[in-house]
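Below are the chains, spelled out letter by letter.
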Amino acid sequence: MARPPSTRQLINWDHRYLWHPFTQMQEWEQENPLIIERGKGAYLIDTEGKKYLDGTSSIWVNLHGHRHPVLDRALKKQLGKIAHSTFLGLSNPPAIELARELIRIAPKGLTRVFYSDNGSTAVEIALKMAVQYWQQRHPEAGPKNTFLHLKLAYHGDTIGAVSVGNIELFHSRFKPLLFPTLEAEPPHCYRCPLNLTYPACKVACIDPIKQILKARHRDLAGFIIEPMMQAAAGMIRQPAGYLKQIRDLCTQYDVLLIADEVATGFGRTGKMFACEHEQVTPDLMAISKGLTGGYMPLAATLATDEIYQGFLGRYDEFKTFFHGHSFTGNPLGCALALANLDVFKNEKTLVRLQPKIKLLVRLLQPFQDLLHVGDIRQAGFMAGIELVRNRMTKEPYPFRAKAGHRVATIARSKGLILRPIGNVLVLMPPLSTTVDELKKMVEIIKESIETLQID
Ligand SMILES: *Cc1c(COP(=O)(O)O)cnc(C)c1O
């Protein structure tokens, strides 16, 4: 057998043939990328055998660690049967069993599972379902084709998902392609758009949303929101009671609530789904990242029976939901997702997570005293540390200072992988991370921030 290519060779080929996501390739071509060959638990191991703590859960997907025996076995077992068969006109056991399990654990009232491949498609599907639902179920309501979303929202990178997103840096180029939407200020307490302070503010940022719903509900198909935490926005956490109020307003004004739980789902916030913190059932819910425990691309859009009923009719009424993907209901992914839920049960993942969440709160407290740290925001095992130039005025570092990137580079040299969002350092470790590993991750971040020197 031919010898495997050396790290040098791999880097050369990467530089020559690849185009990486969210990456300025001109810079990338000047750097030596880490090439991850293996993983074990909370660790990633590169082609040189060097170990790194996976502080991002491989971009928010991994839950039980790499090479988990139950997940590894589930994949091999399914592979012994079939890798894929179509979901158009056929079904398969893992997809059926998984749908049943998902409905069992999902917020009460969600009763149907529509599969796809990634978070963006799960969101696209929710948007399309919402629009078609209103057309078919309530034609008397007139055209309800618009969506409301929060500013700074991120719901994926396909055009529909970008349309309901609002991250200037990622999205502005594509404006000519996007459909129009309505936007509302997010409950960003550190940089409050109303210049108020929580809790004295009584969550006044809900009022403008109320006004929009009152004025525009006739046009609105849905309100899409990441419950509890706007993750890619830079870990912006919603105050308690916020989501519940949004749910009530949506109900009052006949606007569907679409929960994007792609980042928050599967234990990230300390409960299986973030909606549970406020006993909220959305009308549609998008899930993906943690669905297979971070092993394979799989996503689902969950819907209520009320929505599902809107799509039923005679064949020639054309109420069918005309949407699907080549890999919809992929048996390998579904088998892994089933194994993922087994691990949650057998290892009591959520129970064992609680003390580690409390520990993370305690470990992050001293960060408030660090020179560059403006704010710390956490929900369960999702944490954001916002670096600022001036703690009094909250003046951010300019983009070109690459403050977050520089801290991440220092952290990497100390054995921790991070992927910051601008000036916000993000720590999102696998739920299985041990107490010692968690302490080590936080210690490395602290040392890296302390080492940071900008002008
Ligand atoms: C990552 C993410 C998406 C997009 O998921 P992809 O699998 O990357 O397409 C959508 N919504 C939220 C909240 C996310 O974090």
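Residues numbered from 1 in each chain as written. Predicted model: local features only at pLDDT ≥ 70, side-chain atom pairs only at ≥ 80, totals over all residues. Heavy atoms only, no water.

A. Focus on the overall build of the protein chain. The secondary structure content of the protein chain amounts to 15 helices and 17 strands. Whereas a compact globule of 455 residues would reach a radius of gyration of roughly 23 Å, the protein chain reaches 22 Å, a difference of no more than 12%. Its C-alpha atoms put the protein chain at 60 × 60 × 45 Å along the principal axes. A buried classification covers 53% of the 455 residues belonging to the protein chain. Counting only contacts in the protein chain whose residues sit at least 6 apart along the sequence, the fraction spanning at least 24 positions is 72%. Entry remark: accessible area of the protein chain is about 22000 Å², with carbon and sulfur atoms responsible for 55%. One way to put it: in the protein chain the 55 positive side-chain charges average out to a point 3 Å from where the 44 negative ones average out. (Helix = DSSP H or I, 4+ residues; strand = E, 2+ residues; numbered from the N terminus. Rg over C-alpha atoms; globule rule 2.2 N^0.38 Å. Buried < 20%, exposed > 50% of the residue type's maximum accessible area, 1.4 Å probe, protein only. Contact = heavy atoms within 4.5 Å. Areas by Shrake-Rupley, 256 points an atom, 1.4 Å probe, with all protein chains shown as cover. Lys, Arg positive; Asp, Glu negative; His and termini not counted. Charge placed at Lys NZ, Arg CZ, Asp CG, Glu CD.)

B. Highlighting the sheet that holds strand E16 (residues 416-417). Taken in spatial order, the four strands of this open sheet run E1-E2-E3-E16, and their pairing is mixed. This sheet does not close on itself; its edge strands, each paired only once, are strand E1 (36-40) and E16. Where E1 meets strand E2 (residues 43-46), four bridges bridge the pair, whose relative direction is antiparallel. The residue bridging Ile36 from the neighbouring strand is Asp46, located in E2. In the packing of helix H15 (residues 435-451) onto the sheet, contacts are made with E2, strand E3 (51-54) and E16, and the angle to E3 comes to roughly 95°. (Pairing = 2+ DSSP bridges. Axes fitted to C-alpha atoms, helices over the stretch in contact; angles between N-to-C directions.)

C. Representation of the packing of aromatic side chains. Summed over all chains, the structure comprises six aromatic pairs. Judged by centre distance (5.9 Å) and plane angle (70°), the ring pair of Phe87 and Tyr115 falls under edge-to-face. With Phe87 in the loop between helix H4 (69-79) and helix H5 (93-105) and Tyr115 in strand E4 (residues 110-116), this residue pair connects regions lying 28 residues apart in the sequence. By relative accessible area, Phe87 is classed as partly exposed at 25%. Tyr115 gets classed as buried once you look at its relative accessible area, which sits at 3%. Summarising the aromatic geometry, the rings of Phe266 and Phe273 are spaced 5.3 Å apart at their centres and angled 70° between planes, so their arrangement reads as edge-to-face. Against the face of Tyr308 rests Arg112, its NZ or CZ located 3.7 Å from the ring centre. Directly above the aromatic system of Trp134 lies the positively charged group of Lys144, at a separation of 4.6 Å from the ring centroid. (Phe/Tyr/Trp six-rings, centres within 6.5 Å; stacked < 30°, edge-to-face > 60°. Lys NZ or Arg CZ within 6 Å of the ring centre and 35° of its normal.)

D. Summary view of a nonpolar patch on the surface. Taken together, the side chains of Trp13, Tyr17 and Leu18 present a nonpolar region at the surface, about 350 Å² in accessible area. On the secondary structure map, Leu18 appears in the loop between helix H1 (7-17) and helix H2 (25-28). Residue Leu18 is classed as partly exposed on the basis of its relative accessible area of 45%. (Patch = residues over 30% accessible without salt bridge, like charges linked within 9 Å, V, L, I, M, F, W, Y side chains within 5 Å. Salt bridge = Lys/Arg side-chain N within 4 Å of Asp/Glu carboxyl O.)

E. Fine view of the site of the ligand. Residues in contact with the ligand, as listed here, are Trp60, Asn118, Gly119, Ser120, Tyr154, His155, Gly156, Glu226, Asp260, Val262, Ala263 and Lys289. Asn118 places a polar side-chain atom, nitrogen or oxygen, 3.3 Å from an oxygen atom of the ligand. Between Gly119 and the ligand, the recorded distance is 2.8 Å, taken from a backbone N or O atom to an oxygen atom. Contact with the protein chains removes 83% of the 380 Å² of surface that the ligand exposes when unbound. (Near = heavy atom within 4 Å. Polar contact = N/O pair within 3.5 Å; in protein donor to acceptor, adjacent residues only side chain to side chain.)

F. Expanded view of the pairing of E2. A two-sided burial pattern is seen for E2, the buried positions comprising Tyr43 and Ile45 on one face and Leu44 and Asp46 on the other. Joining the antiparallel neighbours E1 and E2 is a turn of two residues, in which Gly41 adopts a positive phi near 60°. Note that E2 and E3 share three bridges and pair antiparallel. What sits directly across from Leu44, in E3, is Tyr52. The antiparallel pairing of E2 with E3 creates a hairpin that spans four residues between the two strands, and Gly49 there sits at a positive phi of about 85°.

G. Summary view of the sheet that holds strand E11 (residues 284-287). One open sheet holds the seven strands; their spatial order is E4-E12-E11-E10-E7-E5-E6, and the pairing between them is mixed. The sheet is open, and its two borders are formed by E4 and strand E6 (182-184), each paired with just one other strand. Along the sheet, successive strands turn relative to each other by an average axial angle of 20°, direction set aside. Two elements, strand E7 (residues 220-225) and strand E10 (residues 256-260), share four bridges in a ladder whose sense is parallel. From the neighbouring strand, Gly222 faces E10, where its bridge partner is Leu256.

H. Expanded view of the state of the cysteines. In total, this model carries zero disulfides according to the counting rule given. Here Cys192 is not disulfide-linked; the sulfur of Cys205 is the nearest cysteine sulfur, at 6.4 Å. A residue is classified by how much of its surface remains accessible, and Cys192, at 22% relative accessible area, is partly exposed. (Disulfide = S-S within 2.5 Å.)

I. Geometry of the side chain of Thr56. Of note, Thr56 is situated in the loop between E3 and helix H3 (57-60). Exposure remark for Thr56: the relative accessible area of 5% places this residue in the buried category. Engagement of the side chain of Thr56 in a polar contact is seen with the backbone nitrogen of Ser58, the distance being 3.1 Å. Here Ile59 takes part through its backbone nitrogen, which lies 2.9 Å from a polar atom of the side chain of Thr56. Filtering out sequence-adjacent residues up to four positions away, Thr56 remains in contact with Ile417, Leu418, Arg419 and Met428.

J. Expanded view of H1. For H1, the complete set of buried residues consists of Thr7, Ile11, Asp14 and His15. Taken down its axis, H1 places every buried residue within 95° of arc, on the same side. Those residues of H1 that are exposed and aimed more than 90 degrees away from the buried face are Arg16 and Tyr17. Of the surrounding elements, those touching the buried residues of H1 are H2. (Arc of directions from axis to C-beta.)

K. Examining the nonpolar core more closely. The biggest cluster of nonpolar side chains holds 81 residues, and the ones touching the most others in it are Phe266 and Ile449. Looking at which element gives the most residues to this core, the answer is H15, with six residues. Apart from the residues lying within four places of it in its own chain, the contact partners of Ile449 are Phe367, Leu370, His372, Val373, Ile385, Leu387, Val407 and Leu425. Of all hydrophobic cores here, the second largest spans 25 residues; its members include Ala122, Ile258, Leu284 and Ala286. (Core = buried A, V, L, I, M, F, W, Y, C linked by side-chain atoms within 4.5 Å.)

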